[in-house]
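# Descriptive analysis of the structure
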Amino acid sequence: MRERIAVACRVMAARGLADGILGHISVRTGADEVLVRCRGPRERGLAWTEPADVHAVGLDGAPKHPDGLGGWSVPNELPLHLETLRARPDVTAVAHAHPPAVVAADLAGIAIRPIVGAFDIPGARLAAGGVPVHPRGVLIRSRRLAGEMVRSLGDRPVVVLRGHGLTSTGATPEEAVLRALSVDGIARLALAVRAAGGVLADLPEEDLAELPDLGGSFNLEVAWRHETTRLAAVPP
Ligand SMILES: [Zn+2]
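Described below are features of the structure shown in this document. (Residues numbered from 1 in each chain as written. Predicted model: local features only at pLDDT ≥ 70, side-chain atom pairs only at ≥ 80, totals over all residues. Heavy atoms only, no water.)

Core analysis: the largest hydrophobic core is formed by 43 residues, its most contacted members being Met12, Ile25, Ile112, Val177 and Val183. Per-element accounting of this core gives the leading share, nine residues, to helix H6 (residues 173–195). Here Ile25 is in contact with Ile5, Ala8, Cys9, Met12, Leu35, Val36, Arg37, His81, Val94, Ala95, Pro173 and Val177, once residues within four sequence places are set aside. (Core = buried A, V, L, I, M, F, W, Y, C linked by side-chain atoms within 4.5 Å. Buried < 20%, exposed > 50% of the residue type's maximum accessible area, 1.4 Å probe, protein only. Helix = DSSP H or I, 4+ residues; strand = E, 2+ residues; numbered from the N terminus. Contact = heavy atoms within 4.5 Å.)

What follows is the structure, given as structure tokens:
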């Protein structure tokens with residue numbers, strides 16, 4: 001799982017969702033154990049995440065290893081992960097990133113809506129179900145601030161954080177990152193449509209209803225294989 005989290009972090013960076021040293025992914029691995037991407041003693045950024053950067057903490061944020069985290073430190077925004085996992089038993093993985101297009105679209109007053117259909121079916125379905133916005137641009141470094149974000153997230157898979165980024169959830173780190181990629185893709189398209197002078201509108205109901213459910217582990221697996229192959233082909 002450490003390897004999977006490291007690869008998922010590298011995919012987020014390679015896809016432009018987490019430039020520089022910001023962003024992290026966590027995965028619940030037990031009733032009171034969470035693996036989380038930590039900041040290393042020779043931190044180089046998310047694009048160069050290695051399995052050694054992933055460490056186990058409890059739901060209270062304390063390191064599981066008796067000797068602590070070595071030279072690593074947990075993310076400032078660890079509460080964002082822990083509160084989401086506490087509040088949402090259906091969630092196993094949490095990805096947090098600062099995608100510029102998602103932040104720009106929200107600041108431009110553009111909501112993540114199902115403006116496309118077959119262009120990205122999982123993305124259209126995600127958007128059709130609603131992508132809420134958390135209205136605060138704060139660093140989510142306390143249980144109180146994280147609790148506010150979790151209330152904004154509600155029962156949805158992804159929440160946009162105004163002036164900050166997004167938090168995406170899933171049953172696996174791969175699913176959480178793919179959902180973040182979908183939201184980023186819709187934000188980029190929406191900005192392009194607006195920049196071209198176009199008007200944004202939801203896809204007609206009848207078209208949305210016609211989109212097949214391509215969900216399931218097989219399609220997720222294929223989509224992820226594409227991401228990891230792309231990662232290997234295009235070094236950061
Ligand atoms: Zn952040």
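On to the coordination of the zinc ion. On the protein side, the zinc ion has Glu77 (OE), His96 (NE2), His98 (NE2) and His164 (NE2) as donor atoms, found 2.0 to 2.1 Å from it. Here the zinc ion is ringed by four donor atoms whose angles at the metal span 88 to 151°, and the overall shape comes out irregular. Between the donor residues of the zinc ion, the gaps in sequence give the motif E-x18-H-x1-H-x65-H. With Glu77 in the loop between strand S3 (54–57) and helix H2 (78–87) and His98 in the loop between strand S4 (93–97) and helix H3 (100–107), the pair connects residues that are 21 residues apart, well separated along the chain. Given a relative accessible area of 3%, Glu77 falls into the buried group. (Donors = N, O, S within 2.8 Å, 3.2 Å for Na, K, Ca; no water. Tetrahedral: all angles 85-135°; square planar, octahedral: opposite > 155°, others 65-115°.)

Going residue by residue along S3, you find Val54 and Ala56 tucked away on one face and His55 and Val57 tucked away on the opposite face as well. Relative to S3, strand S2 (residues 33–37) runs antiparallel, the two being bridged by four bridges. By the bridge assignment, Leu35 is partnered in S3 with Ala56. (Pairing = 2+ DSSP bridges.)

Along the chain, Ala14 falls in helix H1 (residues 2–14). Judged by its relative accessible area of 45%, Ala14 is partly exposed. When the C-alpha positions of Ala14 and Glu227 are compared, they lie 9.3 Å apart, and in sequence the two are 213 residues distant.

Two measures define how a pair of helices packs: the angle their axes make with one another and the distance between the axes. Their axes nearest at 9 Å, the elements helix H4 (residues 121–129) and H6 cross at an angle of 80°. Put simply, H4 runs roughly perpendicular to H6. The segment H4 lies against H6, with Gly123, Ala124, Leu126 and Ala127 engaging Arg179, Ser182, Val183 and Ile186. (Axes fitted to C-alpha atoms, helices over the stretch in contact; angles between N-to-C directions. Parallel < 35°, antiparallel > 145°, perpendicular 65-115°, else oblique.)

Take it as geometry only, folks, not as evidence of what the structure does.
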